[in-house]
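These are the residues of each chain, in order.
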Amino acid sequence: MMGWSFNLNGLFFYITNITAIFTNKKYKGWGRKKTGRFALWCQQTFGGHVVLLEDGFIRSIGLGVDGSSSFSLVEDDVGIYYDATTPSKIENILNSYDFSADKELMADAKRAMAYMVEHNISKYNSAPFVDEQIVDRYELNAVQKRVLLIAQTAGDSSLEYGMLTAFSTDDMLNAAIFENPDAKIYLKIHPDVLSGKKKSDIDIVEAKKHCTIIEEDLNPLSLLKYFDKVYTKTSGMGFEALLVGCECVCFGMPFYAGWGITTDKSLCTRRQANRSIEEVFAAAYILYTRYYNPYKKRECDIFEVMYEIVDKRSFRFYS
C-alpha cells in the first residue's frame, strides 16, 4: 500500500475496511480512487463484497472542490458508472430492467426531466444562467448552426476508464470541424478549471485557433439550449445535452453511451439494449442514485432535491 494518502476521507475508509476484514467483509471505497482500490484489494485478499461510491448526477449547489454539501450518492456493488472497461450496476440495469412494465418509474422520470430542463438543474448549480449579455457576446442567437465541444479536467477518472485510447483531443476537435462545415464551433471550459482548482484536458490556447472559447462559468442547461450538437469524451454534460434536445457525439463510453441515444465513436459490446433518453434517465437518476437533503438532514427523493436547489439558488441569485 505504498503511497497511501491519509487524508480524513481516506483514513475513514481505511479504518472501515480494516474493521470489515474481521467482521462482515463488506468493503467500501470511493470509485477508482485510492480508497476504492484499497477496498478491491481487501476483497481480493480476504474475500467478501465491495461497494464503490461516487457523487450522484445532481450533486450540489456549489462545486464539490469547494466543499459544497452533496445531495446524492451512488453505490455500486458491480463496478462504477464511469468505468466502461468492466460491467457496472447501472450497465446491468440498462441491459435488463423492464422499464415498460414500471409505469410509475417512467412517469417520475419524465416529470423529473421536465422539471430539470425548466429550471436548469445540473450536477452543480451555483453558476448564473445565460442572459442577454452572454447571448450577444457569443452570438448565440445567430441563425448559423452552433456546435459545442465540452472540455473536462485533466486526470478525470472517466477519461482514464472511458475507453478513449483510440482518440485524442485533436481527433474530437477535428471531427467537430469536419462533420459540421456550416457550423460555428464553441468550446466550454470545465468550471473546476475556471475556478483555478484543476487543469483542463484540452489545450485552450491551441483550441482558440479553431473555436470560440466560453471562459465563463455558466449554468450548463441554460447554455446547452442554444446549441444543436455537442461533442464530448465522457462528460456528464453530454447527457444533459440530450435532455434539452441536442445531438450528442461521444468519443468515449460514458454511462449514457452505447444505448442508441448518442453517436458513438467507441464500442462497448456488453451494452446490448436500445434505450430511450427517458429510460437512461430513470436508470441513472432514480434507480442508481440515493438522495439526501443536507439542509433538512434526511434522506429524500430526486424531487425534494430539485425543489431545494431551486429554493436555495433563488436565494443566492436574488438576495
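Residues numbered from 1 in each chain as written. Predicted model: local features only at pLDDT ≥ 70, side-chain atom pairs only at ≥ 80, totals over all residues. Heavy atoms only, no water.

Undergrad: Is there a simple way to think about the overall build of the protein in this case?
TA: Looking only at helices and strands, the protein has 13 helices and eleven strands in total. In summary, the protein has a C-alpha radius of gyration of 20 Å against a globular reference of 20 Å for 319 residues, a match within 12%. Counting only C-alpha atoms, the protein reaches 65 × 45 × 45 Å along its principal axes. Long-range pairs, those at least 24 residues apart, make up 62% of the contacts in the protein with a sequence separation of at least 6. Roughly 14,900 Å² of accessible area belongs to the protein as shown, and the carbon and sulfur atoms make up 52% of that amount. Looking at the protein, you have 37 positive and 41 negative side-chain charges, and the mean spots of the two groups are 5 Å apart. (Helix = DSSP H or I, 4+ residues; strand = E, 2+ residues; numbered from the N terminus. Rg over C-alpha atoms; globule rule 2.2 N^0.38 Å. Contact = heavy atoms within 4.5 Å. Areas by Shrake-Rupley, 256 points an atom, 1.4 Å probe, with all protein chains shown as cover. Lys, Arg positive; Asp, Glu negative; His and termini not counted. Charge placed at Lys NZ, Arg CZ, Asp CG, Glu CD.)

Undergrad: Help me understand the side chain of S88, please; the structure alone is not making it clear to me.
TA: Of note, S88 is situated in the loop between β3 (72-76) and α3 (89-96). The residues contacting S88, other than those within four sequence positions of it, are D76, V78, G79, I80 and Y81.

Undergrad: Help me understand the sheet that holds strand β10 (residues 289-293), please; the structure alone is not making it clear to me.
TA: Working definition: the strands of a sheet are paired by backbone hydrogen bonds and lie parallel or antiparallel to each other. One open sheet accounts for five strands, arranged β1-β2-β3-β10-β11; its pairing is mixed. Taken across any chain shown, the strands that pair with only one partner, and hence form the sheet edges, are β1 (26-30) and β11 (298-300). Put simply, the sheet's adjacent strands are angled 30 degrees from each other on average, direction ignored. By the bridge criterion, three bridges tie β3 to β10 in an arrangement that is antiparallel. By the bridge assignment for β10, S72 is matched with Y291. (Pairing = 2+ DSSP bridges. Axes fitted to C-alpha atoms, helices over the stretch in contact; angles between N-to-C directions.)

Undergrad: I keep staring at helix α2 (residues 34-46) and nothing clicks. Help me out?
TA: Residue pairs spaced three or four apart in an α-helix point in one direction, given the helix's 3.6 residues per turn. With 13 residues, α2 should reach 18 Å at 1.5 Å per residue; the first-to-last C-alpha distance of 18 Å fits that figure. The complete set of buried residues in α2 reads T35, G36, F38, A39 and C42. Viewed along the axis of α2, the buried residues span an arc of 160 degrees, placing them on a single side of the element. At the C-terminal side of α2, G47 shows a positive phi close to 80 degrees. (Expected span 1.5 Å × (residues − 1). Buried < 20%, exposed > 50% of the residue type's maximum accessible area, 1.4 Å probe, protein only. Arc of directions from axis to C-beta.)

Undergrad: When you look at the nonpolar core in this model, what are you seeing that I'm missing?
TA: Proteins that are soluble and globular tend to have nonpolar side chains buried together. In terms of nonpolar packing, the biggest core is built from 73 residues, with L148, F239, F281 and Y285 touching the most fellow members. The leading source of residues in this core is helix α4 (residues 103-119), at seven residues. Aside from chain neighbours lying at most four places away, what touches Y285 is F57, I58, M116, F239, E240, Y291 and I302. Counting residues in hydrophobic clusters, the runner-up holds 22 residues, among them L149, L164, C211 and Y231. (Core = buried A, V, L, I, M, F, W, Y, C linked by side-chain atoms within 4.5 Å.)

Undergrad: How should the sheet that holds strand β5 (residues 183-188) be read in this particular structure?
TA: Spatial strand order, β6-β5-β4-β7-β8-β9: six strands in an open sheet with parallel pairing. Sheet topology places β6 (212-214) and β9 (263-264) at the edges, where each strand pairs with a single neighbour. Bridging between strand β8 (residues 247-250) and β9 involves two bridges; their strand directions are parallel. If you follow V249 over to β9, its bridge partner there is T263.

Undergrad: Whenever I open this one, the packing of aromatic side chains confuses me. Can you help?
TA: One pass over the structure, following the stated rule, counts 19 aromatic pairs. Here the aromatic rings of F255 and Y256 are separated by 5.2 Å at their centres, their planes lie at 85 degrees, and the arrangement is edge-to-face. Neither residue differs from the other here; F255 and Y256 are each classed as buried. Three or more aromatic residues joined by ring pairs form one cluster here, namely F57, Y81, Y82, F239, F255, Y256, F281, Y285 and Y288. Taking NZ or CZ as reference, K312 lies 4.6 Å from the ring centre of Y295, over its face. (Phe/Tyr/Trp six-rings, centres within 6.5 Å; stacked < 30°, edge-to-face > 60°. Lys NZ or Arg CZ within 6 Å of the ring centre and 35° of its normal.)

Undergrad: What is the right way to read the pairing of β5 from this model?
TA: Two faces make up the sheet, and in a regular strand the side chains alternate between them. Burial analysis of β5 places six of its six residues in the buried class, which makes it a mostly covered element. The sheet contact formed by β5 and β6 spans three bridges and is parallel. Opposite Y186, over in β6, you have T212 as the bridge partner.

Undergrad: I tried to follow the pattern of salt bridges on my own but got confused; where do I start?
TA: Once the charged atoms of two side chains with opposite charge are near each other, the side chains can pair. Tallying each qualifying case throughout the model produces 19 salt bridges. Here K312 ties to D311 by a salt bridge, and the two come within 3.7 Å at their closest N and O atoms. Within the structure, one salt-bridge network assembled from shared partners comprises K28, E75, R290 and E299. (Salt bridge = Lys/Arg side-chain N within 4 Å of Asp/Glu carboxyl O.)

Everything listed here is a matter of coordinates, which is why it stays silent on function.
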